[in-house]
Amino acid sequence: MSGLMRLVVNNYNEILQTNKEIMVDSWPMMGSPGPMLCIVGTYLAFVLKVGPKMMEKRPAFQLNFLLIAYNAFQVLFSIWLTLQSLEPGVGHLIFSPKCNSANRTPIDINVQTSVSSAAWWYFVAKLIELLDTVFFVLRKKQNQVTFLHVYHHTMTSVFSWCYLKFLPGEQGALIGFLNSFVHIVMYSYYLIAALGPQYRKYLWWKKYMTGIQLIQFVIMLGYLMMVLVMDCKVPKALTYFFLANVVIFIYLFLDFYRKAYRKKKF
């Protein structure tokens, strides 16, 4: 047992040393969880309490042009993030991970820097996506501010910070790749919807978009289980935390899918 503990400690120390070499802690919002928690806390306060109270006696904002510009930006940003995952060296780590520390070759520091840099931009993307809910509140679409929506946005922001801070390896890169790819589809849908009622005939595939999101989470679940089975050198407590929340996401999205798309029986 002591030998196993030494291996875990050594692996974790190596991860922290890699983090130090890349100077992740010196990057914006990465020195401590304070800035991230402040942003997430402000988000929760606004969308759950302050925003609805502020809009209670005000007419809904239309935001048509802003929504078109925002969703177009998100599509382009998601495409860019997906392409970052396919950069030489990084893509190989995602699709052919060698997690077992017994026969795993150390990652080149330049490749590791690319992975961490992409992870930081992914974290920024999750913070920007908090605006999704803010726009719902300003447009008085409070029915769309569901537990699923708020929980998903909150936890993905926290996840992305924790990954970059504590897991600066390739084991989480597949999750970022999948999520960025799915968001290309999702924000393309929102962009078409923002263009106006005349484009609604092109939005018949909403049901399949939710299905794609579910497939994404199932793949993530399998990948995280593989990370545990293959004894990847990552803090297992965080991996279990990620795993548990992916299970929660699957349950919530399945529940949404069932309520939104299952034909009612009479």
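Whatever comes next refers back to the structure up there.
Below: a short report on this structure.

Calculation criteria
Residues numbered from 1 in each chain as written. Predicted model: local features only at pLDDT ≥ 70, side-chain atom pairs only at ≥ 80, totals over all residues. Heavy atoms only, no water. Helix = DSSP H or I, 4+ residues; strand = E, 2+ residues; numbered from the N terminus. Buried < 20%, exposed > 50% of the residue type's maximum accessible area, 1.4 Å probe, protein only. Contact = heavy atoms within 4.5 Å. Areas by Shrake-Rupley, 256 points an atom, 1.4 Å probe, with all protein chains shown as cover. Core = buried A, V, L, I, M, F, W, Y, C linked by side-chain atoms within 4.5 Å. Patch = residues over 30% accessible without salt bridge, like charges linked within 9 Å, V, L, I, M, F, W, Y side chains within 5 Å. Salt bridge = Lys/Arg side-chain N within 4 Å of Asp/Glu carboxyl O.

1. Quick word on the overall build of the protein
Here comes step 1: Scanning the protein for helices and strands turns up ten helices and zero strands.
Here comes step 2: Ordering the α and β elements of the protein from the N terminus gives α-α-α-α-α-α-α-α-α-α.
Here comes step 3: In the protein, buried positions account for 47% of the 266 residues.
Here comes step 4: Here the contacts in the protein between residues at least 6 apart in sequence split such that 81% fall between residues at least 24 apart.
Here comes step 5: Here the protein displays about 14600 Å² of accessible surface, and carbon together with sulfur accounts for 68% of that area.

2. Some points on the nonpolar core
Here comes step 1: If you look at the biggest cluster of nonpolar residues, it comprises 62 residues, and the most contacted ones within it are Met30, Trp120, Phe123, Leu164 and Phe217.
Here comes step 2: Elements supplying a minimum of two residues to this core: α2 (34-55), α3 (64-85), α5 (109-128), α6 (131-138), α7 (147-166), α8 (173-194), α9 (206-229) and α10 (236-261).
Here comes step 3: Among the elements that line this core, the one with the most residues is α7, at ten residues.
Here comes step 4: Apart from the residues lying within four places of it in its own chain, the contact partners of Met30 are Val24, Asp25, Trp120, Phe123, Trp161, Leu164 and Lys165.

3. As for the side chain of Asn245
Here comes step 1: By the element assignment, Asn245 lies in helix α10.
Here comes step 2: Residue Asn245 is classed as buried on the basis of its relative accessible area of 3%.
Here comes step 3: Sequence-distant contacts of Asn245, defined by excluding residues within four places in its chain, comprise Tyr151, Met155 and Phe159.

4. Points about a nonpolar patch on the surface
Here comes step 1: Taken together, the side chains of Leu76, Ile79, Leu83 and Leu86 define a hydrophobic patch exposed on the protein surface, amounting to about 370 Å² of accessible area.
Here comes step 2: By the element assignment, Ile79 lies in helix α3.

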